[in-house]
Amino acid sequence: MSLYLDVFVPPFGLLLLGALLRRHLLREEAVWAGIERLVFWVLMPALLCSAIAAVDLATLPIGGMAGAIWLSLLGGAALSLGLARLARVDHPAMTSVFQGGIRFNNLMGFAVTGSLFGAAGTSLGAITTGLIVPFAQLLTTLAFSLGGGNGISLLRALRQLALNPLLLACLAGFLLAALGGLPHGLAPLARTLGQASVALGLLCVGAALTPGALRSRLGLQLATAAIKLLLVPAMVLGLGRAFGLEPLALASALIFMALPTATTSYVMARAMGGDAPLMAALTTLEHLLAVITLPLWILILAP
């Protein structure tokens, strides 16, 4: 029980605190928008780059992790598209179901793996993020761009993908890791910036949740949440064991793939013609359900 409290009270407590701050103290939307930009463009890239750069890539099962993660993402994408087709929703709603089925809240993942496994958990979490982000973003970009008649340019979407700061930070981290890591002085600076990203980011996530949106299309929301929180993690667990992943690598892959969808999914839905109200509802519901499902997946991993 004490381990459970130490691992899960901080991330979910920060979500609750963010919601309370947004409601009672920091009500101005501009304040949260500024913090979100800081986390997205500076702090989170610093965390990813510094954590990946500190890893000895030769000692990690990158191939097995990539195979388990990418195949599971493809499975989640197929299930999400099948659910949208079965529910006969329009293209904007399909993109929201799609994002709800494969995207993830990496800030929560870093909070959990860091609490469970320390610095090794943070480094492996960065590697896992580096494997998930490009693939999930590419699939999501294709979902928005192909079909629906919403006028989205595939070339423009791919350009946005190429300029994604999280993707660029992951690529920079892998390059620096191959070259021996960040130089002295810059390494502790990047780590310090990265440490600030988790707390501030989770506060922003909590501030963005909208419980009032849960009343609409609850059945579709629950089915999407089942894909993201149950079926996709089950796939990565089975594939990871089939590929012979060591326990820490498997734990990192499973925890990150079992996370609720990213709150930036709502921003993307608004910007690219998705169903923003449905996306807000999915984001909120998945975070609420993850209070139960995420600890259960970690218990399954326990010896």
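Attention in this report is confined to the structure presented alongside it. What you see is a predicted model; the values in this text were computed from it and never measured. (Residues numbered from 1 in each chain as written. Predicted model: local features only at pLDDT ≥ 70, side-chain atom pairs only at ≥ 80, totals over all residues. Heavy atoms only, no water.)

**Regarding the side chain of Asn105**
We count it as follows: Strands are runs of DSSP state E lasting at least two residues, helices are runs of H or I lasting at least four, and both sets are numbered from the N terminus onward. For this analysis, a polar contact is any N or O atom pair within 3.5 Å, provided that within protein one partner can donate a hydrogen and the other can accept it, and provided that sequence-adjacent residues contribute only side-chain to side-chain pairs. In what follows, a contact means two residues having at least one pair of non-hydrogen atoms within 4.5 Å.
Structurally, Asn105 is set in the loop between helix 4 (91-102) and helix 5 (106-145). Polar side-chain contacts of Asn105 include one of 3.0 Å to the side chain of His287. Aside from chain neighbours lying at most four places away, what touches Asn105 is Leu202, Val205, Leu259, Pro260, Thr261, Ala262 and His287.

**Describing the pattern of salt bridges**
The line we're drawing: Just to be clear on terms, a salt bridge is a Lys or Arg side-chain nitrogen sitting within 4 Å of an Asp or Glu carboxyl oxygen. For the exposure calls, accessible area comes from a 1.4 Å probe over protein chains only, and a residue counts as buried if that area is under 20% of its type's maximum, exposed if over 50%, partly exposed in between.
One pass over the full model with this rule turns up 1 salt bridge. With its nearest N and O atoms 3.0 Å apart, the salt bridge here joins Asp275 to Arg217. Here Asp275, found in the loop between helix 11 (264-271) and helix 12 (276-301), pairs with Arg217, found in the loop between helix 8 (186-208) and helix 9 (218-242); they are 58 residues apart in sequence, far enough to count as distant. Arg217 gets classed as partly exposed once you look at its relative accessible area, which sits at 37%.

**Topic: the environment of Arg103**
Take Arg103: it is sitting in the loop between helix 4 and helix 5. Along the sequence, Arg103 and Thr261 sit 158 residues apart, while their C-alpha atoms lie 4.8 Å from each other. With residues near it in sequence (within four places) discarded, Arg103 still touches Gln137, Thr140, Lys228, Leu259, Pro260, Thr261, Ala262, Thr264, Ser265 and Met268. At 2.8 Å, the side chain of Arg103 forms a polar contact with the side chain of Gln99. A polar contact is formed between the side chain of Arg103 and the side chain of Ser265, at a distance of 3.4 Å.

**Quick look at the environment of Phe104**
Within the fold, Phe104 resides in the loop between helix 4 and helix 5. If we skip the residues at most four places from it in the chain, Phe104 touches Thr129, Ile132, Val133, Lys228, Phe256, Leu259, Pro260, Thr261 and Ala262.

**Here we look at the environment of Gly13**
Residue position: Gly13 is located in helix 1 (residues 2-24). Here the alpha-carbon distance between Gly13 and Asn164, two residues 151 residues apart in the chain, equals 29 Å.

**Details of helix 4**
Using the following cut-off: What a helix should span is 1.5 Å times the count of its residues minus one.
The terminal C-alpha atoms of helix 4 lie 17 Å apart, and with 12 residues this matches the ideal 16 Å at 1.5 Å per residue to within 8%. For helix 4, the buried fraction is high: 11 of the 12 residues fall into the buried class. Every buried residue belonging to helix 4 is among His91, Ala93, Met94, Thr95, Ser96, Val97, Phe98, Gln99, Gly100, Gly101 and Ile102, and all of these are buried. Put simply, Asp90 is the residue that caps the front of helix 4, since its side-chain oxygen is 3.0 Å from the backbone nitrogen of Ala93.

**Details of a nonpolar patch on the surface**
Note the following rule: Only residues whose relative accessible area exceeds 30% and that take part in no salt bridge are eligible for patches, with like-charged residues grouped when within 9 Å of each other and nonpolar side chains (Val, Leu, Ile, Met, Phe, Trp, Tyr) grouped when within 5 Å. Areas reported as accessible are Shrake-Rupley estimates using a 1.4 Å probe. Residue values count occlusion only from the protein chains shown.
A grouping of Tyr4, Leu5, Val9, Val291, Ile292, Leu296 and Leu299 is seen on the molecular surface, where their side chains present a nonpolar patch of about 640 Å² in accessible area. Listed by contribution, the elements that provide at least two residues to the nonpolar patch are helix 1 and helix 12. Ranked by the residues each element gives to the nonpolar patch, the list is headed by helix 12, at 4 residues.

**Topic: the packing of helix 2 (residues 29-53) against helix 7 (residues 165-179)**
Applicable threshold: Between the N-to-C directions of two axes lies an angle of 0 to 180 degrees, each axis being a line fitted to C-alpha atoms and, for a helix, fitted only over the stretch in contact. Roughly parallel means an angle under 35 degrees; roughly antiparallel, over 145; roughly perpendicular, 65 to 115; everything else is oblique. By definition, turning the near helix anticlockwise from the far helix through less than a right angle yields a left-handed crossing, and turning it clockwise yields a right-handed one. Side-chain classes are defined by residue name, with Ala, Val, Leu, Ile, Met, Phe, Trp, Tyr, Cys and Pro counting as nonpolar, Asp, Glu, Lys and Arg as charged, and the others, Gly among them, as polar.
One can describe the packing of helix 2 onto helix 7 by two numbers: an axis separation of 8 Å at closest approach and a directional angle of 25°. Relative to helix 7, the element helix 2 is oriented roughly parallel. Classified by chirality, the crossing of helix 7 by helix 2 is right-handed. Judged by residue contacts, Phe40, Trp41, Met44, Pro45, Leu48, Cys49, Ile52 and Ala53 of helix 2 engage Pro165, Leu166, Ala169, Cys170, Ala172, Gly173, Phe174, Leu176 and Ala177 from helix 7. The class makeup of the residues in the contact of helix 2 with helix 7 is 16 nonpolar, 1 polar and no charged.

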